[in-house]
Every structure is written in C-alpha cells, then in structure tokens.
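An overview of the molecular structure
Here is what each chain is made of, one letter per residue.
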Amino acid sequence: MSTVSPFTLLGRSSECKARRGQLTTLHGTIQTPVFMPVGTLGTVKAMTPENLKEIGAQIILGNTYHLYIRPGHELIRRFGGLHGFMHWDRPILTDSGGFQIFSLKELAKITEDGAAFRSHIDGAKLFLSPEGAVHVQEALGADIMMALDTCIPYPADRDQAIKATALTARWAKRCREAQSDTGQLLFGIVQGGMYADLRREAIEQLVEIGFDGYALGGLSVGEPKALMEEMLDATADHLPVDHARYLMGVGTPEDLVEGVYHGIDMFDCVMPTRNARNGMLFTSQGRVVIKNACFQQDPRPLDETCGCYTCRHYSRAYLRHLFQNREILAYQLNSIHNLHYYCTLMAAMREAIQEDRFLDFRRHFYQQRTEPFA
Ligand SMILES: CNc1nc2c(CC[C@H]3O[C@@H](OC)[C@H](OC)[C@@H]3O)c3nc(N)[nH]c(=O)c3cc2[nH]1
C-alpha cells in the first residue's frame, strides 16, 4: 500500500501541540483540524448535501455496520457507492462498525475470525471479519476506511484491555492486507483502554503495520473527562507527527478545543445533530435550551455573532414555536445552526493556529461562555 502519507503538516503552535494540516483523499483535500458531521445511515439527519456545503462541512461520516445491515453494501455499490447514493461529492469516512458491534453486547460474539452478531433490526445472523469490513467499505466507496476493531468498554480491567488490544492489532494487520488497490485510505484504531502504556504499545504495533492515518478509539465511552484528557496527553503526540490523528466520537465544543490543544486533527460526534433535534443549541455564549419560556417572545437570533441561515432569518421565538410543535422545520433549522457552529469553531481554530495565537483563541473561547456546555 502507499507509504507516502496523505497528510501534510502545514503549521504548528509555538506554545502547545495544536497543529494545522491537510489530508488529501480521492474526493478532495481536507483542511485540519476538522469536524466531521455524522451521517450514520447515509444521511446527516435533517440536512441536504447543499445545506452541509453551506455550513462548511468538508467531510462526513457513514457507518459500515448500519449500512451493511440495511440497505446492504452491494445495493449501494450499484448506485455509485455512498457518494452516488446520497448525492455527496466530497470526502466520506466510514467507521468500521467496531463500536456498534461492541455496543450489541450479548447480541455479538467476538472470536479470532471476526464478529458474529444478530441484526438489531430483524435478528438475522450476520458476521463481519476484518477482511469483510474492508470489502464493505470498498463497496461503499469510502475515501477513508476504518480498520475493524474491538472497542474496550469503560471500566475494563487490565487483562481485558490487553486481550482486546492484541486482537485489534491482529485484525488491523488483516485489514491492511485485505485492501484492494483502489486508492481508498485506511486508518488504524488505537485501543488500550485507560492504560497509557497499553495505548503506546498499540500505537507502535499499528505504526509497524503502517496506516494512512491513526484514530484514538475506546475514548468517550463513559469515562470521566479528566481520564480522557489524561489518555490524550499521554498518547496523542506518540502518534506519527506526519500522519492524521482522529479522535473518535468526540465531542462537546470544549472537547474539540482541548483535543486540538493536544494535537488532534479530526473529530466526529453526533452531539451537534442529536442535540439540535432535542432543542439544545450551541452559541458563542454557551448553550440555549430553546423550549425555555424565556424565549417565547425573544426577537433575537440564536446567536448575534452567527452568520448561519437560521440566525440570518429566524428569531428565538419562532424556533421555540417550531420546537414546541415538533415541526420538522425545527430539526432542520436547529441542525443547520449547530453544525455551522461546530464547523465555524474549527475554521477559527485553523486560523488561530496559522497565525500562532491558539492559546489566545482558547482563553477567549472560555471567557465568552456564560455557562459550560453539558
Ligand atoms: C461517542 N463516543 C464514541 N464513538 C466512538 C466510535 C464511533 C461510533 C460510530 O457510531 C456512529 O455514531 C453513533 C458513527 O458512525 C458513523 C460513529 O462513527 C468508535 N468507533 C470505533 N470503530 N472504535 C472505537 O473505539 C470508537 C469509540 C467511540 N467513542
């Protein structure tokens, strides 16, 4: 497989590990640090591809497990892969399903060969080997594929972490060897539980195999924030400096700022879209719970500093009215705003790193907030 890294380091903060880079894929080049909206089932909920482009989304996520179960990767292949099927012509990263299979608990049986599980939809017996997970992602046409891993739950004892991390490393090698020569990128996933030494060992094993980028998995699985930060601080800069670093499933706006501070390049999280549908909106001053009665006659936009479509055209009173009546437009307008907030936050961090003023940016980011996000 290609040994030249598709990631280019463009700049680094002189005061911390924050870095600015770009990642070249078959569907275009991504400026990092970057937030990736989650589109598990081949759609970022309530958003059209045009909405996504307007809010600045560079790359979105799909999920192997869910798409493999329904509608199936062969159908999607026939429709031009996920890009053709969902009318998205920019990069797509697909997660391997390791996390979903781990979430199935007793519905999944993990062996050396792979993961046997029952469909959460109709109970059908299914199986995904590391090779199968790569072939499904090749059929989906993902620009960035993820190795099939076993995500370690929190808490997990050291022996359990050692076993699952070793299996993940053996599966990673099989994934790398199963790849066809399509030009699609493959990232390895670092496990190791909450044991920094196991994580550093896992990094060495994955770098030995050689991947196009490296993800920190097994975090944001219910551990205290301080523990996630401890793991980040102990491992992020043990990842190869000339490869992209992806922190899976993270996080709140604060998590993104702290992740960039620790040298992370890529993030994904359902929070902006899921919270939008629950009426929890992100603003530069902190969160707005739109159903609160205090907004009933509030003529102001969600965020006076925001330039998104929702903030340019609608009052908090109207957004509250839509949400209280469970109007479909509420989910669309709220999702547009929250994703615009996340993508604009990332663009501001890219600029701050470029101008070597990231710590100033980080101080100002916290000063602005009247209350921390959940
Ligand atoms: C939230 N915290 C968190 N997410 C995580 C995900 C993505 C979940 C995946 O599920 C779907 O969202 C619900 C997304 O699929 C597109 C996402 O990629 C992980 N994926 C893998 N393969 N391995 C991990 O160790 C892992 C850890 C996570 N921690």
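Above this text sits the structure in question.
Attention in this report is confined to the structure presented alongside it. (Residues numbered from 1 in each chain as written. Predicted model: local features only at pLDDT ≥ 70, side-chain atom pairs only at ≥ 80, totals over all residues. Heavy atoms only, no water.)

Quick word on the overall build of the chain
In terms of regular secondary structure, the chain is built from 15 helices and 16 strands. In summary, the chain has a C-alpha radius of gyration of 20 Å against a globular reference of 21 Å for 374 residues, a match within 12%. With the principal axes as the frame, the chain shows a C-alpha extent of 60 × 50 × 40 Å. Looking at the chain as a whole, 57% of its 374 residues are labelled buried. (Helix = DSSP H or I, 4+ residues; strand = E, 2+ residues; numbered from the N terminus. Rg over C-alpha atoms; globule rule 2.2 N^0.38 Å. Buried < 20%, exposed > 50% of the residue type's maximum accessible area, 1.4 Å probe, protein only.)

Side note on the sheet that holds strand β8 (residues 115-118)
The strand order across the open sheet formed by three strands is β7-β8-β9, and the pairing between neighbours is antiparallel. In the strand order of this sheet, the two ends are held by β7 (108-110) and β9 (125-128), each with one partner. When strand polarity is set aside, the average angle formed by the axes of neighbouring strands in this sheet is 15°. Sheet topology note: the β8/β9 ladder contains four bridges and is antiparallel. Residue pairing across strands places F117 opposite L126, the latter belonging to β9. (Pairing = 2+ DSSP bridges. Axes fitted to C-alpha atoms, helices over the stretch in contact; angles between N-to-C directions.)

Concerning helix α14 (residues 328-354)
Taking 1.5 Å of rise per residue, the 27 residues of α14 would be expected to cover 39 Å, and the 39 Å separating its terminal C-alpha atoms lies within 8% of that figure. Phi turns positive, to about 50°, at D356, one or two residues after α14. (Expected span 1.5 Å × (residues − 1).)

A short note on the layout of surface pockets
Approximately 910 Å³ is the volume attributed to the largest pocket. For the largest pocket, the lining is made up of 41 residues, of which F99, G249, D268, C269 and V270 are closest to its centre. Here the element with the most residues in the lining of the largest pocket is helix α11 (residues 271-277); it accounts for five residues. (1 Å grid on protein atoms, 1.4 Å probe; cavity = no way out; pocket = protein on both sides within 12 Å on 5 of 7 lines; lining within 4 Å. Points joined across faces, edges and corners; volume = space filled by probe spheres on them.)

Description of the site of the ligand
Around the ligand lies a shell of 22 residues, among which D95, Q100, D149, G218 and L219 are the nearest. Here an oxygen atom of the ligand sits 2.7 Å away from a polar atom, N or O, in the main chain of G218. Contact distances for the ligand include 2.8 Å between a nitrogen atom and a backbone N or O atom of L219. Contact with the protein chains hides 89% of the accessible area of the ligand, taken as 610 Å² for the molecule alone. In this structure, the ligand is accommodated by the largest pocket. Those elements that place two or more of their residues in the shell around the ligand are β5 (60-63) and α5 (98-103). By residue number, the principal contributor to the shell around the ligand is β5, which donates three residues. The residue makeup of the shell around the ligand, split by class, is nine nonpolar, ten polar and three charged. (Near = heavy atom within 4 Å. Polar contact = N/O pair within 3.5 Å; in protein donor to acceptor, adjacent residues only side chain to side chain. Areas by Shrake-Rupley, 256 points an atom, 1.4 Å probe, with all protein chains shown as cover. Sits in = over half its atoms within 2 Å of the grid points. Nonpolar A, V, L, I, M, F, W, Y, C, P; charged D, E, K, R; others polar.)

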